[in-house]
Amino acid sequence: MLTVERVEKSYRTGGLFARRRKQVLSGISFEWKAGECLGIIGESGSGKSTLGRLLLGIERPDRGSVRWEGRPADERRARRGSVSAVFQDYTSSIHPFFTVEKALMEPLTLRNKRAAIDSRRIDRLLEQVGLDSSYRNKYPHELSGGEAQRVCIARAVATEPRCILLDEAVSSLDGSVQVQVLDLLRSLKTAYDMGYIFITHDIQAAAYLCDRVMIVRDGRIEETVDVDRLRDVQSPYAKKLLDMVMA
Amino acid sequence: MRWLRPIGQDKLAALSLFLISTTLFAGLFAPFLAPHAPDEVHMELRFAAPSWEYWLGNDQLGRCVLSRLLYGIRPSVLWVGVALALSAGIGTIVGFVAGYFRGATDAVLMRICDGMLSFPGYVLTLAVIGILGVGLENILIAFALMKWAWFARVIRTSVRQYADSDYVRFAKTLGFGDVRIMARHLVPAALPDMAVAASSTFGSMILQISGFSFLGLGIQAPHAEWGMMLNEARTVMFSKPELMLAPGIAIILVVSAVNYLSDSLQLALDPRLATSRRAPHSRTVAESAKLQGSEVA
Ligand SMILES: Nc1ncnc2c1ncn2[C@@H]1O[C@H](COP(=O)(O)OP(=O)(O)OP(=O)(O)O)[C@@H](O)[C@H]1O
Ligand SMILES: [Mg+2]
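Chain B appears in an unreviewed UniProt entry as ABC transporter permease subunit from Cohnella xylanilytica. Entered under Subcellular location (unreviewed entry) in the UniProt record, the comment concerning chain B runs "Cell membrane". The heading Sequence similarities (unreviewed entry) in the UniProt record of chain B holds the text "Belongs to the binding-protein-dependent transport system permease family."

Under an unreviewed UniProt entry, chain A has the name ABC transporter ATP-binding protein and belongs to Cohnella xylanilytica. Per UniProt, chain A carries the Sequence similarities (unreviewed entry) text "Belongs to the ABC transporter superfamily."

Shown next as structure tokens:
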């Protein structure tokens, strides 16, 4: 379980000694329960990716706390292998010098340091995301966007984490591939019994995959609703956002 | 050794590697390979043309040019290599720490580098020689002290850019330690930049060593050094220009071999360049020219 309490984050604008800071997140509190699929929706620049980095523990909040099972998220051992991620920019998500096989090996070496290349495991991971074993020796620049994104998903699933954070994981793909990847995520969810935190600016994609969505605006939580009650949102901003999609 | 295979396919790189290793070998075993003692004077053989006994002829004191060339490898290539490794080593560590951890660490380290770089290189070297005394080892110490800051800057810039990528974020998410992330992800990514920086510094170090030897601050007179051989030949530049050939060609060959090798290392490491083996060469050359320019400035 993930608990986020009154998280604030600001970035310095200008040099190291500059006083001015840009407030990116303020007063964020929510909970994510194991197995749940939570959508985080917001406009570009609303601080979604920043929130994602805080949840993963690769950055620290200025104030407030992010806890996985009661332990701070930035403690490496607390989240080791139980959290994973697929990032926004699939072109830089795989090391350009690594083959697909080597990229998939990386999370597997987390548990045992000298994991021998377990061919069958890698083949199965690739198969689960709809790629065949001929992809094993390809380099990321030889993959299309959708294929690279699938490899990233396979890599994220490899440690069988409790939670995968997907930051705009389908946004840069075209419509039909998007649906394929979303279906893939749905099937993996049942196969591995895990949950997602699905960051997106696309309400339809969130509604397709998520149980609950959290609408973020300028670094604040505007509203949190269950997906099946998406039509009766309260706040005017959320209403406006929905109207644009429904229209 | 995946990267050795493409170097084997690349003829120029293979030739460079061969040339460099032969040079290193010849330098290490100079006493066994040299046909004569390097400081053996034969006044009757002054400026003698190449003969069966003296393959590359004799210089203004009748000394064997080939033997001097072989002995000259030690200060010109081996010791310069040591100074280079030392400064590149320090610079790499500082650059990695600054580029990876950022924030206050980065700011402090970079201000120290700025401080080091604000001294003109030659003046700082002269100051070090003034304090420690004349001699090759002191010049090399001065080089190591001076150049690491430049390496640190170059490497910090490239590490910073790679440390910001999503593959590093993913490794952090999984919970890998910083040292492991640097070793597995950042070192390979930054290695081509490091090689280009090191190879361009190598050339300028050889030339600077010879400059200091010329001033009488480095290698002392009877000992052989390529730059000093060039300087000695300079006095008879118009009457006996062929004396400049041996040390000049040796310097050019070694420096170009090092540069070609660093270029092909980049080609070998980066699979994106493997598909188009021709085109990227011009880019890397332009890059090394840029680095060279910024260093000379
Ligand atoms: N490392 C940083 N340093 C300074 N400012 C930052 C940094 N990261 C993010 N910001 C600022 O925080 C704000 C939110 O950025 P963020 O990337 O979280 O937005 P986002 O909601 O993910 O947008 P998008 O949908 O376009 O991905 C932006 O205005 C950005 O300029
Ligand atoms: Mg984002």
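Residues and elements named next belong to chain A. All of the protein donors around the magnesium ion (ligand 2) are S49 (OG) and Q88 (OE1); their distances to the metal are 1.9 to 2.5 Å. Of this pair, S49 sits in helix α1 (residues 48-56) while Q88 sits in the loop between β6 (83-86) and α3 (100-108), placing them 39 residues apart in sequence. Looking at S49, the relative accessible area reads 22%, which means it is partly exposed.

We now examine the UniProt feature "domain: ABC transmembrane type-1" (unreviewed entry) in chain B. The residues that UniProt annotates with the feature "domain: ABC transmembrane type-1" (unreviewed entry) are residues 73-262 of chain B. This span, residues 73-262 of chain B, is 83% helix and 0% strand, and a straight line between its end C-alpha atoms measures 20 Å.

Picture the strands of a sheet paired through backbone hydrogen bonds; they go either parallel or antiparallel. All names here are of chain A. Read from one edge of the open sheet, six strands run β6-β7-β8-β3-β9-β10, paired in mixed fashion. Each edge of the open sheet carries a strand with a single partner, namely β6 and β10 (220-226). Going across the sheet, the axis of each strand differs from the next one's by a mean of 15°, ignoring polarity. Across the sheet, helix α5 (residues 145-157) is in contact with β6 and β7 (163-167); its angle to β6 comes to roughly 180°. Strands in contact with helix α6 (residues 175-192) are β3 (37-42), β7 and β8 (195-200); relative to β8, the strand with the most contacts, it is inclined by about 160°.

Taking 1.5 Å per residue, 25 residues should reach 36 Å; helix α11 (residues 245-269) of chain B reaches 36 Å between its end C-alpha atoms and fits that length. Among the 25 residues of α11(B), 18 are classified as buried, and the element is accordingly described as predominantly covered.

Attention now goes to the nonpolar core. Counting residues in each nonpolar core, the largest one holds 96 residues, and the members touching the most others are L2(A), F30(A), L55(A), L186(B) and W226(B). Aside from chain neighbours lying at most four places away, what touches L186(B) is F96(B), Y100(B), V159(B), Y162(B), A163(B), V168(B) and I181(B). Core analysis: the next-biggest nonpolar cluster, separate from the first, contains 54 residues, I94(A), V100(A), V129(A) and L241(A) among them.

Residues and elements named next belong to chain B. Judged by side-chain polarity, F25, L28, F29, F32 and L33 come together as a nonpolar surface patch covering roughly 550 Å² of accessible area. Secondary-structure elements contributing two or more residues to the nonpolar patch are α2 (11-28) and α3 (30-33). Relative to the assigned elements, F29 resides in the loop between α2 and α3.

Taken together, the contact pairs 25 residues of chain B with 31 residues of chain A. A per-residue breakdown of the area chain B buries against chain A is headed by F170(B), T173(B) and L174(B), which together make up 25% of the total. The tally of links between chain B and chain A comes to zero salt bridges. Our count for the chain B to chain A interface comes out at seven residue pairs in polar contact (both at pLDDT 80 or more).

Another aspect to go through is the UniProt feature "transmembrane region" (unreviewed entry) in chain B. Residues and elements named next belong to chain B. Following the UniProt record, one finds the feature "transmembrane region" (unreviewed entry) at residues 12-34, 77-101, 122-146, 202-222 and 243-262. The distance separating the terminal C-alpha atoms of residues 122-146 is 9 Å; by composition the span is 88% helix and 0% strand. Split by type, residues 202-222 is 62% helix and 0% strand. Its first and last C-alpha atoms lie 24 Å apart.

Parameters at a glance
- Residues numbered from 1 in each chain as written.
- Chains lettered and ligands numbered in written order.
- Predicted model: local features only at pLDDT ≥ 70, side-chain atom pairs only at ≥ 80, totals over all residues.
- Heavy atoms only, no water.
- UniProt positions renumbered as here; feature names shortened; annotations may be inferred.
- Donors = N, O, S within 2.8 Å, 3.2 Å for Na, K, Ca; no water.
- Helix = DSSP H or I, 4+ residues; strand = E, 2+ residues; numbered from the N terminus.
- Buried < 20%, exposed > 50% of the residue type's maximum accessible area, 1.4 Å probe, protein only.
- Pairing = 2+ DSSP bridges.
- Axes fitted to C-alpha atoms, helices over the stretch in contact; angles between N-to-C directions.
- Contact = heavy atoms within 4.5 Å.
- Expected span 1.5 Å × (residues − 1).
- Core = buried A, V, L, I, M, F, W, Y, C linked by side-chain atoms within 4.5 Å.
- Patch = residues over 30% accessible without salt bridge, like charges linked within 9 Å, V, L, I, M, F, W, Y side chains within 5 Å.
- Areas by Shrake-Rupley, 256 points an atom, 1.4 Å probe, with all protein chains shown as cover.
- Salt bridge = Lys/Arg side-chain N within 4 Å of Asp/Glu carboxyl O.
- Buried area = accessible area lost by both parts, 1.4 Å probe.
- Polar contact = N/O pair within 3.5 Å; in protein donor to acceptor, adjacent residues only side chain to side chain.

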